[in-house]
Every structure is written in structure tokens, then in C-alpha cells.
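Each chain is listed here by its residues.
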Amino acid sequence: MQAREERVRARSVAGIVNSIQQLEGAGFLVRRPFPKASFSEFDPFLLLDEMGPMTVAPGNAKGAPDHPHRGFETVTYLLSGEMEHKDSQGHTGKLTPGDVQWMTAGAGVIHSEMPSADFQRRGGTLHGFQLWVNLPRRQKMNKPRYQEISSERIPKATSDDGLVTVNVIAGEAFGRTAVIETHTPIIYLHYRLKPGGEIAELVPSNYSAFAYIIEGAGLFGEEKERAVDGQMVLFAQDGGKVTIENLADAKTNLEMLLIAGVPLNEPIARHGPFVMNTPQEIHQAFEDYRLGRMGAIG
């Protein structure tokens, strides 16, 4: 969806959000721009965690043991390290660098996300992202589903000038279309901009859109607002083109995620790992979990 017509207006920046650091699961470090006290949901997205980067000694890697989910999707994108996934539906899998797992929790699963036995034994650097995507009311109780896409299957592209590369996780960029199917239209792009690199990505005007900076610094939006690693840039819905650039004299590449989706505009009732539309549905989710109706990891 690279912009080719200059008459399409560039979006302005609605705000820049700093991430916070905290421990999750059994004790692994995350940087989280949302949700937090000052900024909750960004419809249709519920949470973004940057896991690490964290280097651990052999035997010290942590993860998230058995825990429930209902009513939304989780997208795990691993940059380094190895993670193993198990669930109460009998699914098992392993994520290695560059792999993506798009899990639709739907009616409910018990899920375990732990460092692989090999990674646990040797130690190393764990780094990745987890995005929570809300499901429409009509699909919240769908049967759970997994899409696991290896790094080799993730479409990748490079700009004509060679200054920009992109991994197309969802949506499309530079004429490449993602292989993942999403319940609602989602754009999820991992960009790397060399010094002097720039993009003008067409995003439909009804999409909510944000960028999260993994490394480096860049200029964002019509006003060329500066943001740095660990910050999230919110774009206003006042144009169709998201513009981002890395300065020609920058010392490092700009590495970032560009994520966008159509707002659901539905009521949200949220408590821990359950995201439904009413408090009554949240209560039912807890009851189903307590009574073992979501199963157990064998």
C-alpha cells in the first residue's frame, strides 16, 4: 500500500506515548505503551508488549505458565530466542526468530508460553512482541484457531532505493500481501529504515493507526514529530497517508512496527485475560474457567 499520489493528505500525529517497564508471567521483562493508567485501549487493539530484549543466563529464562484467554486474539512475533506454546486444545508449537503465531482464543483456551528447553539450557537474548486484537461480538465465542507462520513464509520486500525493508505480517506493503487471515482488517508491518529512508504508507481513513519504535529515532506524520525507541506514535484519522522518515545523518537504522485496524466501536468489559462485551459475560468466563470448561493442558 505504498503511497504513489502526493495529493493524498498525510496524517498528523495525535500523540506520542511512552512505554512503561514491568514484569509479566513468571518474571520476564516487558515494555508496554498500552494499556496503562493514562492510556487504555486503542480500538481494536487491547495491548502491545515488547518482550525484552532481555539476556538471560542458562537456566534463568522465564515465561508465562498455564493461563486462560477468551474473547480476543494474541499475535506473538519473535525477534530472538525460542518459545514453546501448548494449550488445552491439544496444540503445541515452537517459535524461532522471525516466526509469528496468530492465536484466536475465541470461546476460551488455557495457554502456556515458555522458553524452549534448548533456549532454557543455553540461555541467550529473548526479544519479541505480543499484540492483543479485540474480536467482534459475533466472533468472540468462535472455536479457537491457530495460524503459525515461519519466518520463511512471512513476505518481505525492499524499496526501490534499497533504504527500506519490510516484513509483511498482516496487510500489504510494496506490493507484497501477508499470508495470515484476520477476522477484521489489520495492518501489521515491521519496517527497517536506513539513514535517509522514508515511507508514505496508505492507510484507509477509517483505520486507527500507530507506530511503535523498536530502535533508533524518526520523524512521524505531517508535522514530522520526533519519536525514539520505546515510544508509540498515535496517528489521527485526518488523512490517508502515514509518513515516516529516518534522517539522512542518523547514526542508526530506524526499526519500527506500523500497526492499524478498523475500530469495532463496541462496548468492552475486560478483566485480566478475558475481554467480552458485558460484565455478565466476564462473570461467565470466570465460571467456565473455574469449573474446568476451558480444559487443561495435558
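Above this note sits the structure.
Residues numbered from 1 in each chain as written. Predicted model: local features only at pLDDT ≥ 70, side-chain atom pairs only at ≥ 80, totals over all residues. Heavy atoms only, no water.

K.L.:
What am I meant to see in the pairing of strand β17 (residues 186–193) here?
P.N.:
Walk down a regular strand and you will see the side chains alternate between the two sheet faces. Among the eight residues of β17, seven are classified as buried, and the element is accordingly described as predominantly covered. For strand β14 (residues 164–170) and β17, the ladder comprises six bridges, and the chain directions are antiparallel. Across the sheet, the residue bridging to Thr165 is Arg192, located in β17. With eight bridges joining them, β17 and strand β24 (residues 254–261) adopt antiparallel strand pairing. (Buried < 20%, exposed > 50% of the residue type's maximum accessible area, 1.4 Å probe, protein only. Helix = DSSP H or I, 4+ residues; strand = E, 2+ residues; numbered from the N terminus. Pairing = 2+ DSSP bridges.)

K.L.:
Just to check I follow, could you spell out the sheet that holds strand β10 (residues 109–115) for this structure?
P.N.:
Adjacent strands of a sheet form backbone hydrogen bonds with each other and so pair up, either parallel or antiparallel. Spatial ordering of the open sheet is given by β5-β10-β7-β8, a layout of four strands whose pairing is antiparallel. Single-partner strands in this sheet number two, and they are β5 (64–69) and β8 (92–95). Adjacent strand axes in the sheet meet at a mean angle of 20 degrees when their direction is disregarded. (Axes fitted to C-alpha atoms, helices over the stretch in contact; angles between N-to-C directions.)

K.L.:
How should I be thinking about the environment of His67 in this particular structure?
P.N.:
As for its placement among the helices and strands, His67 is situated in strand β5. Its relative accessible area of 16% is what places His67 among the buried residues. Remark: the alpha-carbon pair of His67 and Ser112, spanning 45 residues in sequence, is separated by 6.5 Å. If we skip the residues at most four places from it in the chain, His67 touches Val109, Ile110, His111, Ser112 and Glu113. Of note is the side chain of His67, whose polar atom sits 3.1 Å from the side chain of Glu113. (Contact = heavy atoms within 4.5 Å. Polar contact = N/O pair within 3.5 Å; in protein donor to acceptor, adjacent residues only side chain to side chain.)

K.L.:
Looking at this structure, how should I read the packing of aromatic side chains?
P.N.:
Two aromatic rings, taken as a pair, are described by how far apart their centres are and by the angle between their planes. On inspection of all chains with the given rule, the structure shows eleven aromatic pairs. Here the aromatic rings of Phe42 and Phe210 are separated by 5.8 Å at their centres, their planes lie at 70 degrees, and the arrangement is edge-to-face. Remark: Phe210 occurs in strand β19 (residues 208–215) and Phe42 occurs in the loop between β3 (28–34) and β4 (45–56); sequence separation between them is 168 residues. Of the two residues examined, Phe42 and Phe210, each falls in the buried class. Here the aromatic rings of Tyr77 and Tyr188 are separated by 6.2 Å at their centres, their planes lie at 85 degrees, and the arrangement is edge-to-face. Taken as a pair, Tyr77 in strand β6 (residues 72–80) and Tyr188 in strand β17 lie far apart in primary sequence, 111 residues in all. (Phe/Tyr/Trp six-rings, centres within 6.5 Å; stacked < 30°, edge-to-face > 60°.)

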